[in-house]
Amino acid sequence: MTTQMITINIQNNIAVLGINIANQPMNVLNNESIPALSEALEKVYTNPDVKGIILTSERPEFIAGADLKMILQNNGRAPEELFKLSMSLNTIFRKMETNGKPIVAAMNGTALGGGYEVCLACHHRVALNNPKSIIGLPEVTIGLLPGGGGTQRLPRMIGMEAAAPLLLEGKRVSPKDALAFGMVDQLADSPEEMFQKAVEWIEAHPIAVQPWDEVDKKTGKIKARENFKVPGGNVLTPKGVQLMMGGTAMTLAKTQGNYPAPIEIMSCVYEGLLVNIDRGIVIEARHFVKVANSSVAKNLIRTTFFGLNEVNKGAGRPKNVPVTQINSIGILGAGMMGAGIAYVSAQAGLKVVLKDTSLENAEKGKDYSRKLLQKGIERGKMTAEKAEQILALIQTTDIYESLQDVDLIIEAVFENPSLKANVTQEAEKFLREDGVFASNTSTLPITELAKATQKQENFIGIHFFSPVDKMQLVEIIVGKQTSDYALAMAMDYVKKIRKTPIVVNDSRGFYTSRVFSTYTSEGLELLKDGVNPVVIENVAKQMGFPVGPLAVSDEVALDLAYKISHESVQAGVLSPDDTAYQISKQFTEMGRLGKKAKAGFYEYPDPTTGKKKYLWEGLSQLFPLNSIQPSAEDIKQRLFYRQVLETVKCFEEGVLRTPLDADLGSIFAWGFPAYLGGTLSFVDTVGIVDFVKECDRLADTYGDRFRPTTQLREMAEANKGFY
């Protein structure tokens, strides 16, 4: 028997409902599957021969969650409409709990978000012990909260303390860890054992009642229990109060109030656990409407979920080029970048030839991999045997001949055009006939670097970020002569090492370095204007940046910033009066080069003292404080708008190919706040008309670097955004 997307199979008076949403890549809860589930359940509720129900999946996953396209489509709807939608799903879940027949979730695979909330509404949960399966409530990571009773059932089931990281961090766990948390009740090593345990539980529990429910003595029906005792302590117990206060303080400190979902989750738990489950679910639904209608959820879902999936699947890859074969890679330069590239390449199973000027230097580069692999062994994430296999893939050398017939060469030497040209010419002759040569430059134009090669069409930029093993993004730069084949191979390589690629066209500084520099540059403009450096740094962190513009300038190194800006001045693309150029020059001449010199905008005490870095006292002499300090809002606008305007210029000039590349690049390259969706999503979030108006205000007050472009004005007149 079939009810749309749910098969019903009744054996020995037990109904097995098999979920199979065939028109979707994975089982999801959406406008079609939710009514189908409800209809199938109603059929077995009313069947007098059915004494119990097993809910499972006919696909590898159980349910991957709610369909986020459905969430996006409903973003912006009237709150009462969204509330009704949320309550319609909750009504189905409450009937599962109170129908009188035991329901067991036979979790044969991944159960996330709404998929796990289905399991929570069942009376018992048996999970297949598959280490590849993941279980959890990750809604907070995309700006949402569990809207199907998750904030109410999970704390009632395992206690507030255990539920906190699962709800507030969106922590995902394996079936084995889920059992330890109390998220599932039993594990099974095979599908047969899973169903057997489910049947046995139903046989042993002919009448199933959730801990937060009870049987009404008068009517015999199941109803919500009043004064239910939460495991580990109710909200108003001393421990509960401590947990709520501490959790709220930590959440605010971490999110700076920019992400509403964690605070709304705390409110759901606090308010919901003061009342019975029925009222708690209504409270959760009200809070869900707030976050589901927010710009934060819209931005996070569009950029960091759909957008990220799109580029990881190769959205920017030329469709006319077959998948390229990459088995070996040569790396020129075994410094920090080269060593990191070698590590991620060997981890992906590629043969790596790591070349430096001496074998000793090359071995030092290989040591980087040794240390990381040893950490993996110590943490139990890798066996010694596996580590040895990875290390064996890295061949160190000081001669170019060792590069014979490699598929791809990545040059990662110092940012010096003549040095890069020299090593390119020496190494290129050993590349396989149709191999690709790449430069890991962060600023030098690829078209110019390509002139050192015999095959400019097979030359491309592959810009990694430091540290390579931790940074997810790779910026691929296409020169004027770069072929689709070279781009395809670069993207195939990035996919192989499990990184996220964005594709941009050639330009000085490309996209990420060019726009990132405006963040640090505007920080220096604020400093020059007499704004308190402590305020500059703290406001930037309140905005959602990982560190302030002065701290990150120290991290990058002020002499490097000076060198790059000096080249731009010589090339005639930057004024010698530029503030960032003048300050980086001044600090370089003073020997305050940044963190590496333990002296920059900050002082860096000896680590053994336990003291943290602090802003250099000499800043007050170099940059006297203005008697009138700007508001925090004004500082925010200057830092935000400078970056966004530069991104707009990159887009208009054709450096950026798509708005999505701009948004993902800004979030994953230098930490532009994800809640805003990225630099171009920022314009749409603010609204194009208001954005242009604010640009003009900033330009009138602080200078023409904030003046909107002609194209932006035309977009504002047409009220047209980037999405």
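Now for a look at the structure at hand. (Residues numbered from 1 in each chain as written. Predicted model: local features only at pLDDT ≥ 70, side-chain atom pairs only at ≥ 80, totals over all residues. Heavy atoms only, no water.)

**Quick look at the sheet that holds strand β9 (residues 172-173)**
- Spatially, β6-β8-β9 is the arrangement adopted by the three strands of the open sheet, whose pairing is mixed. Single-partner strands in this sheet number two, and they are β6 (111-112) and β9. (Pairing = 2+ DSSP bridges. Helix = DSSP H or I, 4+ residues; strand = E, 2+ residues; numbered from the N terminus.)

**Points about a nonpolar patch on the surface**
- Taken together, the side chains of L236, V241, M245, Y270 and L274 define a hydrophobic patch exposed on the protein surface, amounting to about 490 Å² of accessible area.
- Turning to its location among the elements, M245 is positioned in helix α9 (residues 238-255).
- Judged by relative accessible area, which is 59%, M245 ranks as exposed. (Patch = residues over 30% accessible without salt bridge, like charges linked within 9 Å, V, L, I, M, F, W, Y side chains within 5 Å. Areas by Shrake-Rupley, 256 points an atom, 1.4 Å probe, with all protein chains shown as cover. Salt bridge = Lys/Arg side-chain N within 4 Å of Asp/Glu carboxyl O. Buried < 20%, exposed > 50% of the residue type's maximum accessible area, 1.4 Å probe, protein only.)

**Some points on the pairing of strand β5 (residues 103-107)**
- Most of β5 sits out of view: five of its five residues are buried.
- Side chains of β5 alternate between two faces, with I103, A105 and M107 and V104 and A106 buried alike.
- Inspection of the sheet shows strand β4 (residues 52-57) paired to β5 by three bridges, in the parallel sense. Among the inter-strand pairings, I53 is bridged to a residue of β5, identified as I103.
- Sheet analysis places β5 next to strand β7 (residues 124-128), joined by four bridges and oriented parallel.

**Topic: the sheet that holds strand β18 (residues 459-464)**
- Sheet architecture is open: eight strands sit in the order β15-β14-β13-β16-β17-β18-β19-β20, paired in mixed fashion. One side of each edge strand has no neighbouring strand; the edge strands of this open sheet are β15 (394-397) and β20 (500-505). Strand-to-strand twist of the sheet, defined as the mean angle between neighbouring strand axes without regard to direction, takes the value 25°.
- Sheet analysis places strand β19 (residues 473-478) next to β20, joined by six bridges and oriented parallel. Bridging from a neighbouring strand, L473 pairs with T500 of β20.
- Of the strands in this sheet, β13 (328-332), β16 (406-411), β17 (431-439) and β18 touch helix α16 (residues 417-428), which is tilted by about 165° from β17. (Axes fitted to C-alpha atoms, helices over the stretch in contact; angles between N-to-C directions. Contact = heavy atoms within 4.5 Å.)

**Considerations on the nonpolar core**
- Counting residues in hydrophobic clusters, the biggest one holds 89 residues, and the most contacted among them are L403, Y511, F601, F640 and F691.
- The greatest single-element share of this core, amounting to eight residues, is contributed by helix α25 (residues 632-652).
- By size, the runner-up hydrophobic cluster in this structure holds 79 residues, among which are A40, M87, V184 and F228. (Core = buried A, V, L, I, M, F, W, Y, C linked by side-chain atoms within 4.5 Å.)

**Overview of the pattern of salt bridges**
- Overall, the coordinates contain 41 salt bridges when judged by the stated rule.
- For E61, the salt bridge goes to R59, with nearest N and O atoms at 3.8 Å. Considered together, E61 and R59 belong to a single accessibility category, that of buried residues.
- Across the pair D704 and R707 runs a salt bridge, and its minimum N-O distance is 3.4 Å.
- When its relative accessible area of 59% is taken as the criterion, D704 is described as exposed.
- One salt-bridge network, held together by shared partners, links R94, E97, R153, D213 and D278.

**Digging into helix α5 (residues 150-158)**
- Within α5, nine of the nine residues are buried, leaving the element largely enclosed by the surrounding structure.
- Inspection of α5 places G150, T151, Q152, R153, L154, P155, R156, M157 and I158 among the buried residues, and these make up the whole buried set.
- Backbone geometry just downstream of α5 places G159 in the positive-phi region, at approximately 95°.

**Overview of the side chain of S439**
- Its location among the elements puts S439 in strand β17.
- Apart from residues lying up to four places away in sequence, S439 is in contact with E411, K420, I446, L449, F459, I460, G461 and I462.

**What about unusual backbone geometry?**
- P467 follows S466 through a cis peptide bond whose omega is -5°.
- Within the element layout of this structure, P467 appears in the loop between β18 and β19.
- The backbone of N13 sits at a positive phi, close to 65°, despite the residue not being glycine.
- Turning to its location among the elements, N13 is positioned in the loop between β2 (6-11) and β3 (14-19).
- The phi dihedral of A557 falls on the positive side, at around 100°, and the residue is not glycine.
- Mapped onto the secondary structure, A557 falls in the loop between α21 (549-556) and α22 (558-570).

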